[in-house]
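# Examining the three-dimensional arrangement
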Amino acid sequence: MRYSQMFLPTLKEMPSDAEVISHQLMLRAGMIRKLTSGVYSYLPLGYRVIRKVEQIIREEMNRAGAQEIFMPTVQPAELWKESGRWGFYGKELLRFRDRKDSECCLGPTHEEVVTDIIRNEVKSYRQMPLNLYQIQTKFRDEIRPRFGLMRCREFSMKDAYSFDVDAERSDESYRKMFAAYNRIFTRCGLKFRPVEADTGSIGGSYSHEFLVIADSGEDAMAYCEGCGYAANMEKAETARPETEDTQAPLLSLQEVHTPEVRTIEEVCAFLGVVPEQVVKTLVFSADNVPVAVLVRGNEEVNEIKVKNFLGCDVLEMAMDDMIQAAAGSPRGFVGPIGIKCRVLADYSLIGLHNMVVGANKENYHLKNVNFGRDFQVAEFADLRVIRESDPCPRCRREIRFARGIEVGHVFKLGTKYSKTMKAVYLDSRGQEQYMVMGCYGIGVGRTVAACIEQSHDGNGIIWPLAVAPFHVIITPVNMKENSLATAAEELYAELSAEGVDVLLDDRDERAGVKFKDADLIGIPMRVTVGPKNLALGKVELKLRSTGETNVLSGSEAKAEIVAAVHSL
Ligand code: ATP
Ligand code: MG
């Protein structure tokens, strides 16, 4: 490609409405332009990178035995009603009616459509395993689209769906996708970590998110350098304390008048105790039934863990009347003794003595409360949010936190969709069975944004070679000088013939301007053709990532570039 002919509208100034570096650089490098909130056009440079990432995804999906299909964007409401998600999905699902007044939506994901295809076509165990994927436009009416391609409303996703005869084979499909994802993100030149994740609104039984390590990431992960355990914050388990400390003397129970003292901080200040000694009693409404959850005053309850433990559909903080009915007191003075509802205690309470709790009596707390003597808890569980430097739930080394960008997600769906949508097959004995499914997504644009977040400097983007829009840029320092132009053209033709993606900066611009643009758009290798070197039959090869510069003969430079590209 010749720079002079390329539609590459770069910007000198930092766009003021872009908050993260990937968004700023994509705009400045002329990769994308915004049409409306969360909706972008890809310009030639941006689309080249998108295509490179798609190609890596395609190669690895094919290698893992998946087959490419292409499903529609417009989906009928009936399918979503069958799966039960029409009512469940909320406003992210963009719904509309067609001229015949039929309800439709723009697909935010394709479980319903693919399950419909498969249930109509696959009847026998002999037709599985199957893994179908597409790279296709999704629409999600995100409440807060931001950060450019990172969180937009219309975006390209690779989504794959596996169908197997039983859970064991489905695990095998999941493992294959897990391995393919590791290869895809490694080939994209990313530093990432697969982390255990909650299954959220898609449902199902098991999942991993692939997080690209970046401080600007919207997701947080907890990980252990000792054993490699890694999970997102919602999912990260906390260890049950190993020993029960039975040494402390049990002091006598005391009721204390604590007028208007409600929060943990107020209780601590009033009674002169530390939060670790205070027990927080939170009353939840689990499918409209009250449940009390106890956790240490310095810890936070993880509602997802509570919801999963209870197996309820809707978990909310209880309203005042429910609290009053269960505890006989208003919020702020609730405690476990005598409360009239199910009580769960977090593991953090194990080994605690002489606790401070609410008295279930307005304006009163209890001091020196002890398990066994004063009250019983039948159910202890992991119900709190993990904290940095907690012991690892697997090996008890210190947990660390990092931030990341979720670029991919693999789910075991089990029979969630095959049951609601009746995707069945006949097994070898002629018995009808439900298919066991998995689904696997990668955000293409978000992966590109993550590459930039991880790889840039003050001058612009630094593309990993595998996803770069061009492998090399040839920069003749002066196009008006015939010998320079001719040498540059020759190298351009030779490298192109070897399958190298070359951008020839044939613009009539000063060398400084050309160098600045080359750095901004992040081309990994730059060949400078200048008069001094050329007089000796040489050119300069510079690497964008390290700044390393070598003066080589034209054929040496060519050999080095071709070798780097062919090793991809
Ligand atoms: P998030 O929690 O970030 O909203 P999600 O859990 O909704 O993501 P999935 O439904 O698992 O995402 O979609 C698969 C992949 O699609 C994600 O891993 C991500 O890379 C990409 N993706 C999801 N939502 C968006 C979006 N609004 N803009 C760009 N990419 C997205
Ligand atoms: Mg989402």
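Here is a short report on the structure shown in this document. (Residues numbered from 1 in each chain as written. Chains lettered and ligands numbered in written order. Predicted model: local features only at pLDDT ≥ 70, side-chain atom pairs only at ≥ 80, totals over all residues. Heavy atoms only, no water.)

In terms of nonpolar packing, the biggest core is built from 65 residues, with Met31, Phe185 and Trp463 touching the most fellow members. The contacts of tryptophan 463, once residues within four sequence positions are left out, are Met31, Val49, Val448, Cys451, Ile452, Ala468, Pro469, Ile521, Gly522, Ile523 and Pro524. Judged by nonpolar contacts, the second largest core, of 27 residues, contains Tyr89, Val165, Leu413 and Ala423. (Core = buried A, V, L, I, M, F, W, Y, C linked by side-chain atoms within 4.5 Å. Buried < 20%, exposed > 50% of the residue type's maximum accessible area, 1.4 Å probe, protein only. Contact = heavy atoms within 4.5 Å.)

The omega torsion across methionine 128 and proline 129 is 5°, close enough to zero to call that bond cis. In this structure, proline 129 sits in the loop between helix 5 (111-121) and strand 7 (130-139). Although it is not a glycine, asparagine 288 sits at a positive phi angle of roughly 70°. For asparagine 288, the position within the fold is in the loop between strand 14 (279-286) and strand 15 (289-296). Since its relative accessible area comes to 62%, asparagine 288 is described here as exposed. Positive phi, normally seen in glycine, also occurs at lysine 422, with a value near 55°. (Helix = DSSP H or I, 4+ residues; strand = E, 2+ residues; numbered from the N terminus.)

Attention shifts here to the pairing of strand 2 (residues 39-42). Bridge analysis of strand 1 (residues 32-36) against strand 2 gives 4 bridges, and the strand direction is antiparallel. Of the residues in strand 2, the one forming a bridge with threonine 36 is valine 39. A loop of 2 residues connects strand 1 with strand 2, the two strands running antiparallel in sequence, and glycine 38 in this loop sits at a positive phi of about 70°. (Pairing = 2+ DSSP bridges.)

Next up on the list: the site of ligand 1. In the neighbourhood of ligand 1, 14 residues make up the surrounding shell, with Arg140, Glu142, Arg151, Cys152 and Glu406 lying closest. In the model, a nitrogen atom of ligand 1 is placed 2.8 Å from a nitrogen or oxygen of the glutamate 142 side chain. Arginine 151 places a polar side-chain atom, nitrogen or oxygen, 2.7 Å from an oxygen atom of ligand 1. Notes on ligand 1: free accessible area 580 Å², of which the protein chains cover 85%. The set of elements that each furnish at least two residues to the shell around ligand 1 consists of strand 8 (154-164) and strand 21 (399-414). Counting residues per element, the shell around ligand 1 draws most heavily on strand 21, which supplies 4 residues. Broken down by class, the residue content of the shell around ligand 1 amounts to 6 nonpolar, 3 polar and 5 charged. (Near = heavy atom within 4 Å. Polar contact = N/O pair within 3.5 Å; in protein donor to acceptor, adjacent residues only side chain to side chain. Areas by Shrake-Rupley, 256 points an atom, 1.4 Å probe, with all protein chains shown as cover. Nonpolar A, V, L, I, M, F, W, Y, C, P; charged D, E, K, R; others polar.)

Here strand 11 (residues 219-224) pairs with strand 21 via 6 bridges, running antiparallel. Residue pairing across strands places alanine 220 opposite arginine 403, the latter belonging to strand 21. By the bridge criterion, 3 bridges tie strand 11 to strand 12 (residues 230-232) in an arrangement that is antiparallel. Paired with methionine 221 across the two strands is asparagine 232, which belongs to strand 12. Taking the residues that link successive antiparallel strands as the turn, the strand 11-strand 12 hairpin has 5 residues, and the phi of glycine 228 there is positive, at about 85°.

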